[in-house]
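For reference, the chains in residue letters:
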Amino acid sequence: MQEKVRDRKETAIVLAADTLLKIMKPGNEEHMLPILMDLTKNSAVVLACRVSPIQKADIVRMVRKQFPEKSTLAIGDGANDVNMITAAHVGVGISGLEGAQASRAADYSIGQFKFLKNLMFTHGREAYRKNTFLISYMFYKNWLYVLPLWMYGFMSQFSGTMFYDNLLYQCYNVVFTSWPIIIYAVFDWEYTKEFYMEKAEAYHYKLGLKNYLFNARYFWRWFIYAVI
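Nothing here was measured: the structure is a model prediction, and the numbers come from that model. (Residues numbered from 1 in each chain as written. Predicted model: local features only at pLDDT ≥ 70, side-chain atom pairs only at ≥ 80, totals over all residues. Heavy atoms only, no water.)

**Q** Just to check I follow, could you spell out the environment of His31 for this structure?
**A** Take His31: it is sitting in helix 3 (residues 29–41). On the basis of relative accessibility, which here comes to 45%, the residue His31 falls in the partly exposed class. A sequence separation of 131 residues divides His31 from Met162, and the C-alpha atoms of the two residues are 67 Å apart. (Helix = DSSP H or I, 4+ residues; strand = E, 2+ residues; numbered from the N terminus. Buried < 20%, exposed > 50% of the residue type's maximum accessible area, 1.4 Å probe, protein only.)

Written as structure tokens, this is what we have:
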């Protein structure tokens, strides 16, 4: 069966509640779960029908257990999706006729399912880029602030002599270094929203998938900026 699935590009798998119960039964999970995950990995779509809220969460946990390097996203619109949403790395709730339970339990809330594309491919990509810049900037401004004090300590024999003016102490974090990053976060876009929705290619998202903007090399580059 597995060999047949690998040969087919368009394969769908339907999982029923009884099937999941047999797979998750103690004693069966160790040898049946890898087989199931191998089948689903080579399928275009996997449908779970007539499953309970707990089983929805179990499916997410199975995927996380079998593929720990992958990130999972669960989306739902009702109270029966709460367990699944909280079990995933990222939970998205749809607020609507089914109530607000899913939205309250989720990391993100959207009004309609079609907004998921915009959330992931526009705001998700830009949020990663801006957050990595923010974290690096926080280290940078603190290095810029502390390194002169540390160097001055050798000259003053670490006597505790004031190096900065009191007004500079008070305004450094509140005014001088807060507004630049706020303005950057609000107004900076690497590409337009229309570009992300219509023309973006896979390589535009590699910076997040490959962690290009938050690694040791990037971190120490900001440190060198502060020293210079």
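**Q** Please clarify how the pattern of salt bridges should be interpreted in this entry.
**A** A side chain with one charge may pair with a side chain of the opposite charge, provided their charged atoms come close. Throughout the structure, instances matching the rule amount to 7 salt bridges. Salt-bridge contacts for Asp81 lead to Lys56; the nearest nitrogen and oxygen are separated by 2.8 Å. Taken together, the residues Asp81 in the loop between strand 3 (73–76) and helix 5 (82–87) and Lys56 in helix 4 (residues 53–66) connect sequence positions 25 residues apart. As far as burial versus exposure is concerned, Asp81 and Lys56 are alike and both buried. Here Glu190 and Arg125 are joined by a salt bridge, their closest N and O atoms 2.6 Å apart. Residue Glu190 is found in the loop between helix 9 (179–187) and helix 10 (193–198), and its partner Arg125 is found in helix 7 (residues 115–155); the two are separated by 65 residues along the sequence. Residues joined by salt bridges that share partners form a network here, namely Arg125, Glu126, Arg129, Asp188 and Glu190. (Salt bridge = Lys/Arg side-chain N within 4 Å of Asp/Glu carboxyl O.)

**Q** Please explain the packing of helix 7 against helix 12 (residues 216–227) as it appears in this structure.
**A** Any two packed helices are characterised by how steeply their axes cross, that is the angle between the axes, and by the distance between the axes. Axis separation between helix 7 and helix 12 bottoms out at 9 Å; the angle between their running directions is 35°. You can see that helix 7 and helix 12 cross each other, and the crossing is right-handed. Taken together, the residues of helix 12 that come into contact with helix 7 (itself represented by Phe133, Ser136, Tyr137, Phe139, Tyr140, Trp143, Leu144 and Leu147) are Tyr218, Phe219, Trp222, Phe223, Tyr225, Ala226 and Val227. For the contact of helix 7 with helix 12, the class distribution of residues is 14 nonpolar, 1 polar and no charged. (Axes fitted to C-alpha atoms, helices over the stretch in contact; angles between N-to-C directions. Left-handed = near helix turned anticlockwise from the far one by under 90°. Contact = heavy atoms within 4.5 Å. Nonpolar A, V, L, I, M, F, W, Y, C, P; charged D, E, K, R; others polar.)

**Q** I would appreciate a short explanation of the sheet that holds strand 3 in the present structure.
**A** Across a sheet, strands are paired by hydrogen bonds formed along the backbone, either parallel or antiparallel in direction. Spatially, 3-4-5 is the arrangement adopted by the 3 strands of the open sheet, whose pairing is parallel. Because the sheet does not close on itself, it has two edges, and the strands there are strand 3 and strand 5 (108–110). On average, adjacent strands in this sheet sit at an angle of 20° to one another, irrespective of strand direction. In terms of strand pairing, strand 4 (residues 90–94) meets strand 5 through 3 bridges, oriented parallel. Looking at the pairing, Ile94 lines up with Ile110 of strand 5. Strand contacts of helix 7: strand 3, strand 4 and strand 5, with the helix running at about 140° to strand 5, the strand carrying the most contacts. (Pairing = 2+ DSSP bridges.)

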